[in-house]
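Read off the chains here:
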Amino acid sequence: MRIATIQFKAIKGNIEKNLKNHIKWIKEVIRHQADIAFFPELSLTGYEPDLAESLATNQDDTRLDVIQNLSDENNIIIGVGLPTKEEGDVLISMIIFQPHKDRITYSKQYLYPPEEAIFKAGKNPLVLNFEAEVVSPAICYETTNKAHCEFAKRNNATIYMASVLSSINGIDDEQKRLSGIARNNRLITLMANYVGESGGYECAGRSAVWNEDGELVGQLGDKEEGFIIYDTKSKEIITSTAAIY
């Protein structure tokens, strides 16, 4: 299985323009035969808590049909970030597209304390079974909570997929923590982060992949958009970047 983590610069609150950039990068990883691709936390809006309620939607939003079509036509699973609404509550969610299947909404279960005034915690723990791999999605602050990783292991996860916003001040701790998750739980661990500014944070980039020993096997820089693809069978790494204008 080839898994792509996509490093992304979001335009604040602009779903339409961010969607176009998502499509560009999805097509790029498709060219390299990726089986799964995922983006940073709240990637379609940027990490903008103050705008989340006005931008929140759901997995059936017709603007997302183009991503479903790419999934269907290219046999690829895609995870994108979006604020969603459920019974009046706003959640930090990852919309997961699978070929010729209903979409799945996974919502962040463990909120960063400042988020608690705006967002509701999700109640739908899950892992995703894809061929020989079992993937556990994690949204940013969830990586700090032992219960999240323990659920992944109880459900036989082989891959831990962290969709984050990590700032230049937090990236070293984030990477150390994810390396430890990989090593201590024997999980291939990937991180997708932003570059540029989002939510008032200067984002650090450095999206990365760690093997089951916690060894860093691939990493992007701190300024450019791009992707890393990790082949779980051959252990091959493919990277590509593009300057931000």
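Residues numbered from 1 in each chain as written. Predicted model: local features only at pLDDT ≥ 70, side-chain atom pairs only at ≥ 80, totals over all residues. Heavy atoms only, no water.

Caption draft 1: Fine view of the overall build of the protein. Counting its regular elements, the protein contains five helices and 15 strands. Its C-alpha atoms give the protein a radius of gyration of 16 Å, near enough to 18 Å, the size a compact globule of 245 residues would have. Taken along its principal axes, the extent of the C-alpha atoms in the protein is 45 × 35 × 35 Å. Taking contacts inside the protein between residues at least 6 apart in sequence as the whole, the part at least 24 apart equals 63%. When the accessible surface of the protein is split by element, carbon and sulfur atoms take 45% of a total near 10600 Å². Across the protein, 26 positive and 35 negative side-chain charges occur, with their mean positions spaced 2 Å apart. (Helix = DSSP H or I, 4+ residues; strand = E, 2+ residues; numbered from the N terminus. Rg over C-alpha atoms; globule rule 2.2 N^0.38 Å. Contact = heavy atoms within 4.5 Å. Areas by Shrake-Rupley, 256 points an atom, 1.4 Å probe, with all protein chains shown as cover. Lys, Arg positive; Asp, Glu negative; His and termini not counted. Charge placed at Lys NZ, Arg CZ, Asp CG, Glu CD.)

Caption draft 2: Layout of the nonpolar core. In terms of nonpolar packing, the biggest core is built from 79 residues, with Val29, Ile36, Phe39, Ile78, Val80 and Tyr194 touching the most fellow members. For this core, the leading source of residues is helix H1 (residues 15–31), giving seven residues. With residues up to four places along the chain from it excluded, the contact list for Ile36 reads Met1, Arg2, Ile3, Ala4, Ile76, Ile77, Phe130, Val135 and Met161. (Core = buried A, V, L, I, M, F, W, Y, C linked by side-chain atoms within 4.5 Å. Buried < 20%, exposed > 50% of the residue type's maximum accessible area, 1.4 Å probe, protein only.)

Caption draft 3: Local environment of the pattern of salt bridges. The final tally for this structure, using the stated rule, is twelve salt bridges. Residue Glu16 is joined to Arg63 by a salt bridge in which the shortest nitrogen-to-oxygen separation is 3.0 Å. Linking Glu16 in helix H1 with Arg63 in the loop between helix H2 (52–55) and helix H3 (65–74), this pair joins segments that are 47 residues apart in sequence. Assessed through its relative accessible area of 43%, Glu16 is described here as partly exposed. (Salt bridge = Lys/Arg side-chain N within 4 Å of Asp/Glu carboxyl O.)

Caption draft 4: Quick look at helix H5 (residues 171–185). Counted at 1.5 Å a residue, the expected span for H5 with its 15 residues is 21 Å, and the 21 Å between its end C-alpha atoms agrees. Considering only its buried residues, H5 is in contact with helix H4 (146–154), strand S8 (159–163), strand S9 (188–192), strand S11 (201–204), strand S12 (208–210) and strand S13 (216–219). Two residues or fewer past H5, Arg186 is found with a positive phi of approximately 55°. (Expected span 1.5 Å × (residues − 1).)

Caption draft 5: Quick look at the pairing of S8. Taking burial as the measure, the five residues of S8 include five buried ones, the bulk of the element. Here strand S7 (residues 133–139) pairs with S8 via five bridges, running parallel. Among the inter-strand pairings, Pro137 is bridged to a residue of S8, identified as Met161. Read from S7 through H4 to S8, the crossover connection turns out right-handed. Sheet topology note: the S8/S9 ladder contains five bridges and is parallel. Residue pairing across strands places Tyr160 opposite Thr189, the latter belonging to S9. Of the crossover connections in this fold, the one passing from S8 over H5 to the parallel S9 is right-handed. (Pairing = 2+ DSSP bridges. Right-handed = clockwise from strand over helix to strand, strands pointing away.)

Caption draft 6: Local environment of the state of the cysteines. Overall, the coordinates contain zero disulfides when judged by the stated rule. We note that Cys140 lacks a disulfide partner, and the nearest cysteine sulfur, in Cys203, lies 9.7 Å from it. Classification of Cys140 as buried rests on a relative accessible area of 12%. Between Cys149, a cysteine without a disulfide, and Cys140, which holds the nearest cysteine sulfur, the sulfur-to-sulfur distance is 15 Å. Among the residues examined, Cys149 registers a relative accessible area of 8% and is labelled buried. (Disulfide = S-S within 2.5 Å.)

Caption draft 7: Layout of H1. Helix length check: H1, at 17 residues, gives a terminal C-alpha distance of 24 Å against a target of 24 Å (1.5 Å per residue), a fit within 8%. Listed as buried for H1 are Ile15, Asn18, Leu19, Asn21, His22, Ile23, Trp25, Ile26, Val29 and Ile30.

Caption draft 8: Just unusual backbone geometry, in detail. The phi dihedral of Cys140 falls on the positive side, at around 50°, and the residue is not glycine. Within the secondary structure, Cys140 is located in the loop between S7 and H4. For Asn156, which is not glycine, the phi torsion reads 65° and is therefore positive. As for its placement among the helices and strands, Asn156 is situated in the loop between H4 and S8. Asn156 sits in the exposed class, given a relative accessible area of 57%.

Caption draft 9: How the structure looks around the sheet that holds S8. Read across the open sheet, the six strands follow the order S6-S7-S8-S9-S12-S13; overall the sheet is mixed. Edge positions in the sheet fall to strand S6 (128–130) and S13, since each of these pairs with one other strand and no more. Across this sheet, the average inter-strand angle for adjacent strands is 20°, counted without regard to direction. With three bridges connecting them, S9 and S12 associate as antiparallel partners. (Axes fitted to C-alpha atoms, helices over the stretch in contact; angles between N-to-C directions.)

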